[in-house]
Amino acid sequence: MTDRYAVFGNPIGHSKSPRIHALFAAQTGQDISYQAVLAEKDGFAAAVGAFIAAGEGPARGANVTLPFKEEAFRLATRRTARAEAAGAVNTLSFEQDVMIGDNTDGAGLVRDLKHNLGCDPAGRRILLLGAGGAARGVILPLLLERPAELLIANRTEETAARLALEFARLPACAGEPRPDGTGFAGLAGRQFDLVINATSAGLSGASLPLPPCVFGPRCVAYEMVYGRETAFMAQARGAGARVADGLGMLVEQAAEAFFIWRGVRPRTAPVLAALRSSS
Ligand code: NAP
């Protein structure tokens, strides 16, 4: 019997996850099926329940995308430390009566930085732009890499300050660099080695009020959005930074989920290359 997996979201038609997991399965010889499920905005738990109940083979797990990551967090009967820190779940594993919730977004970002881009966060001055779900998901994994500094800057300053304080108090972050929070105005005269855009500004075409000095010498600028050239990417390029988009993070977070489910770590480079050549 083929083990079944799915990704739940709304909308979901654009999702690259079915293709990514099909490529992982073919590469590693794993017998799985993986489908995209459009859940009603108020019907996430019901859709997961229906997926588990129906079908030929056993349902083993699911990925969760917008807008259901917080609901998946509540639905999980057990959660990993990184899911607890993120307050959101993007990977569910179904084991008998237990539903384990994990969050692989941060691990995906760190792996993309270290293994695909040769940009180890250790010892770097990191600026994280945004204080929404995506930012929250990557703070703990970034702190565990021991950067020299992690500053969270957000349009709404108090959200950044609250988020920084929350992580500074987290027992899992004891001994790690203490994150700080600011508004964009607080970036004047500041310089960083790695600038990560976790805002959704790129989706609306909006640019961020960043002083060019934030992109320090040999700075890497990481845009979590993928599939388009955003204003942030243009700003960073103009300031001389090396620019990357979020497609690598997407593939790496999927690989981490695949590893959790199957115990096999797929090679991501050929999958990333396949996606890039067809986009
Ligand atoms: P979210 O929870 O809605 O948060 C949005 C964030 O963007 C907030 O901090 C918000 O600031 C800020 N923002 C929105 N418009 C802005 C603008 N015009 N100027 C300045 N700041 C603005 O969204 P999210 O879930 O964190 O997702 C953020 C982005 O990450 C999305 O584009 C998503 O596609 C991407 N993402 C990519 C991956 C990947 O695998 N590559 C994974 C996860 C997320 P305020 O607090 O002031 O409103």
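Here goes a summary of the coordinates provided.

Calculation notes
- Residues numbered from 1 in each chain as written.
- Predicted model: local features only at pLDDT ≥ 70, side-chain atom pairs only at ≥ 80, totals over all residues.
- Heavy atoms only, no water.
- Salt bridge = Lys/Arg side-chain N within 4 Å of Asp/Glu carboxyl O.
- Helix = DSSP H or I, 4+ residues; strand = E, 2+ residues; numbered from the N terminus.
- Buried < 20%, exposed > 50% of the residue type's maximum accessible area, 1.4 Å probe, protein only.
- Pairing = 2+ DSSP bridges.

Focus: the pattern of salt bridges
Then step 1. Here the structure, examined in full by the defined rule, presents 15 salt bridges.
Then step 2. In this structure, the salt-bridge partner of Glu176 is Arg146, at a minimum N-O distance of 2.5 Å. Of this pair, Glu176 sits in the loop between α7 (157-168) and β9 (180-182) while Arg146 sits in the loop between α6 (133-143) and β8 (149-153); the two residues are 30 residues apart in sequence, bridging distant segments of the chain.
Then step 3. Its relative accessible area of 49% is what places Arg146 among the partly exposed residues.
Then step 4. With a closest N to O distance of 3.2 Å, Glu256 and Arg265 form a salt bridge.
Then step 5. Exposure remark for Glu256: the relative accessible area of 11% places this residue in the buried category.
Then step 6. Shared partners join several salt bridges into a network, and the residues in it are Arg82, Asp102, Glu256 and Arg265.

Re the pairing of strand β10 (residues 192-197)
Then step 1. Burial analysis of β10 places six of its six residues in the buried class, the great majority of the element.
Then step 2. Sheet topology places strand β7 (residues 125-129) next to β10; four bridges connect them, and they run parallel. Pairing of Leu127 across the sheet is with Val195, part of β10.
Then step 3. Pairing of β10 with strand β11 (residues 215-223) involves five bridges; the strand directions are parallel. Across the sheet, the residue bridging to Phe192 is Phe215, located in β11.

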